[in-house]
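Letter by letter, the chains look like this.
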Amino acid sequence: MQPIAFSKSNFVSMKNKIYVIRFISLIAGFYFSIHSAKAVLTPIVDSIPMSDGRKLAADIYIPKGMTSGPVILIQTPYNRQASRLTGLPMGIGTKVDSSKFIFVVTDWRGFYGSKKAAYIGSPDRGTDGYSTVEWIANQSWSNGKVGTWGPSALGKVQYQTAQKRPPHLVCICPLVAGPQFEYQEYFPNGVLRTEYVEQLDQLGFGLTASLMAHPYYDATWTYAETLNHYTDSLQVPVLMIGGWYDHNVELMLDCFKGMINGPSSNVKDKHKLVMGPWVHGGHGAAKVGTSLQGQLSYPNAEDVNDSMALKFFDFYLRQVSNSWNSLPVVTYYQMGENKWLSSNTWPPTGISNTDYYMNKSGLLSKVSPSSNNDTLCFTYDPTKPSPTIGGCTLRNDLDQGPYDQSVSVENKGDILVFTSDVLTSPLTIKGNVVVNLKVSSDQLDTDFDVRLTDVYPDGKSMLLNDACFRMRFRNGFTKALEAMMTPGTVYNCNIELPATCITFAVGHRFRIDISSSNYPKYNRNMNNGANMYPGNSTDSLLNPNTAFNTVYVNSVNASKVVLPITPNTDISDIISLDRVMGLYPNPSNDRVFVWNSVAE
């Protein structure tokens, strides 16, 4: 492969493609879809002039009898007219007149009603957002206070708008979205996210060519990441809402940490984070705020995202005294215990990293192996990869969220399964599980994939999260640091899983599955040490080799799992904890939420 010369111009082209495609994939079908159906809402249709004189199409929803009020802006690339069919978000639906807010929904420049505003080059979404906010503030029906809301793509554009600091922007509420643009999003641990990119290509936006030009961490990625790490520029309160089964967990947590721990600003103590037991969404029944998530259900997490967002907007846009500013910084859902907890830090304090060693019997134990030569081996054939069953996927034909791995994944002969003893007391983890493997292969390159599961008493092995690592990148992700394996040599393979938050209940077990593939979520390693993507294909099998891979589980080379464990809270502790409780909204219409936050 010829090296790609770095220039700002080829980065801008790449950035434009990646932003647009990423937005499409992350939100396509998330909340809105267009059908041949009669509209249920009839907005005021207008157009909003941008700084270059072009105009964006806008739908405006003003509650009956409201002459002037606060505005929630939604900027979408997925056709603003969808809201006419599906209704407004945050539980408002078709009951516009019961809303305390005016809603403005705009099409992005170059999309749907705003197609005529397109121009050659990369649109500056933040500048368009600035113009939109300030136009809204000057309308007779606006009281000059504007907030923004939206998931994924509709969340990313909120950060870009806030970065430009429009004077009348008061607060933003992005869901399952971070502002960053990073190598690790597309090549986590050096492995292309195959199903993610294929989904984008199916939508017709051609991301593959840009990514294939930069499969190593290079100057293009450095430049792109620098441009998109601007947490210091966010000078309005931010309510970030995410899910433990979403693929943006690490992006969101890193961004939030930057916002609250960065250089001093007037709002760093006003940002808040909500993490629920939710998937990203995009297709299927599960999305942020639904009870059903994969094969599990979380009834007490249903619509909590809506109640929190409404409370946030009431406080900042309507000056309602609802104790929003007294809530802890982080509100999170403890899966397994199925309850909401709060903390002023993430991860919460009191965490102790605890090692569980892998033994030849398949047991995960605190006792390290005594033998000095135990190993376990498995075969990886790229033509017969371990299948992707659930998890943080996006492709329309794949399931999202927690799914049982016991039948379709763990019963195959290409995987090692390590399981703890049956728990006699609850085991609570909060944060990133790290898997430290000692491995070797008979090939020049291969992957090691790990899955973390919660094993139920009936044998179901419910996926929590997963990660993959390409061994040629064990020294770093640049071309200069790439190094092939020497067959038979033992190497370290350290894999950090995305953050999670679960209590493994009494009678349950926790499990680590180790294979060399998770397809089609990740690109299949051909094991031959050659070009990873011949012909710029995301899924090429040119001259694949079958690998015989070894995991070492002995006293000389010990493989282990490091769990971020926190002490469990008994009932006497819970009773003594401070609580923030109440009904919301108050007064209410047809929807009422009970708010109960336990502060740790």
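Right above here is the structure, for reference.
Parameters and conventions
- Residues numbered from 1 in each chain as written.
- Predicted model: local features only at pLDDT ≥ 70, side-chain atom pairs only at ≥ 80, totals over all residues.
- Heavy atoms only, no water.
- Helix = DSSP H or I, 4+ residues; strand = E, 2+ residues; numbered from the N terminus.
- Buried < 20%, exposed > 50% of the residue type's maximum accessible area, 1.4 Å probe, protein only.
- Contact = heavy atoms within 4.5 Å.
- Areas by Shrake-Rupley, 256 points an atom, 1.4 Å probe, with all protein chains shown as cover.
- Axes fitted to C-alpha atoms, helices over the stretch in contact; angles between N-to-C directions.
- Parallel < 35°, antiparallel > 145°, perpendicular 65-115°, else oblique.
- Nonpolar A, V, L, I, M, F, W, Y, C, P; charged D, E, K, R; others polar.
- Expected span 1.5 Å × (residues − 1).
- Salt bridge = Lys/Arg side-chain N within 4 Å of Asp/Glu carboxyl O.
- Polar contact = N/O pair within 3.5 Å; in protein donor to acceptor, adjacent residues only side chain to side chain.

Re the overall build of the chain
Alright, step 1. If you tally the helices and strands in the chain, you get 11 helices and 27 strands.
Alright, step 2. Expressed as a percentage of its 600 residues, the buried residues of the chain come to 59%.
Alright, step 3. Across the chain, every contact between residues at least 6 apart in sequence was considered, and the portion connecting residues at least 24 apart equals 77%.
Alright, step 4. Summed over all atoms, the accessible surface of the chain reaches about 22500 Å², with 51% contributed by carbon and sulfur.

Describing the packing of helix H3 (residues 125–137) against helix H4 (residues 153–163)
Alright, step 1. Following both chains from N to C, one finds H3 and H4 inclined at 75°, their axes separated by 7 Å at the closest point. Comparing the axis directions of H3 and H4 gives the class roughly perpendicular. Contact with H3, carried on its side by Arg125, Gly126, Gly129, Tyr130 and Val133, involves Val157, Gln160 and Thr161 of H4 and no other residues of that element.
Alright, step 2. Here the contact of H3 with H4 is composed, by residue class, of 3 nonpolar, 4 polar and 1 charged.

Remarks on helix H9 (residues 249–261)
Alright, step 1. Its 13 residues place the ends of H9 18 Å apart at the C-alpha level, agreeing with the 18 Å of an ideal helix rising 1.5 Å per residue.
Alright, step 2. By the burial criterion, the buried members of H9 are Val249, Leu251, Met252, Leu253, Cys255, Phe256 and Met259.

Considering unusual backbone geometry
Alright, step 1. With omega at -5°, the peptide bond leading from Trp346 into Pro347 counts as cis.
Alright, step 2. With respect to the helices and strands, the residue Pro347 is situated in the loop between strand E12 (339–343) and strand E13 (352–358).
Alright, step 3. Note the cis peptide between Tyr519 and Pro520, where omega equals 15°.
Alright, step 4. Residue placement: Pro520 occurs in the loop between strand E23 (509–515) and strand E24 (547–552).
Alright, step 5. Non-glycine residue Tyr112 carries a positive phi angle of around 50°.
Alright, step 6. The topology assignment puts Tyr112 in the loop between strand E4 (102–107) and H3.
Alright, step 7. You can call Tyr112 partly exposed: its relative accessible area is 43%.

A short note on the pattern of salt bridges
Alright, step 1. Tallied over the entire structure, the rule returns 23 salt bridges.
Alright, step 2. Across the salt bridge formed by Lys460 and Asp458, the nearest N and O atoms sit 2.3 Å from each other.
Alright, step 3. Taking the shortest distance from any N to any O, the salt bridge between Asp539 and Arg524 comes out at 2.9 Å. Remark: Arg524 occurs in the loop between E23 and E24 and Asp539 occurs in the loop between E23 and E24; sequence separation between them is 15 residues.
Alright, step 4. Taking the relative accessible area as the measure of exposure, Asp539 reaches 18% and is therefore buried.
Alright, step 5. One network of salt bridges, in which partners are shared, links Asp52, Arg54, Arg109 and Asp128.

Regarding the side chain of Asp466
Alright, step 1. Along the polypeptide, Asp466 turns up in strand E20 (residues 461–470).
Alright, step 2. Within the structure, the side chain of Asp466 is placed 2.9 Å from the side chain of Lys521, a separation counted as a polar contact.
Alright, step 3. Residues in contact with Asp466, not counting those within four places in the same chain, are Val450, Arg451, Leu497, Pro498, Asn518, Lys521 and Tyr522.

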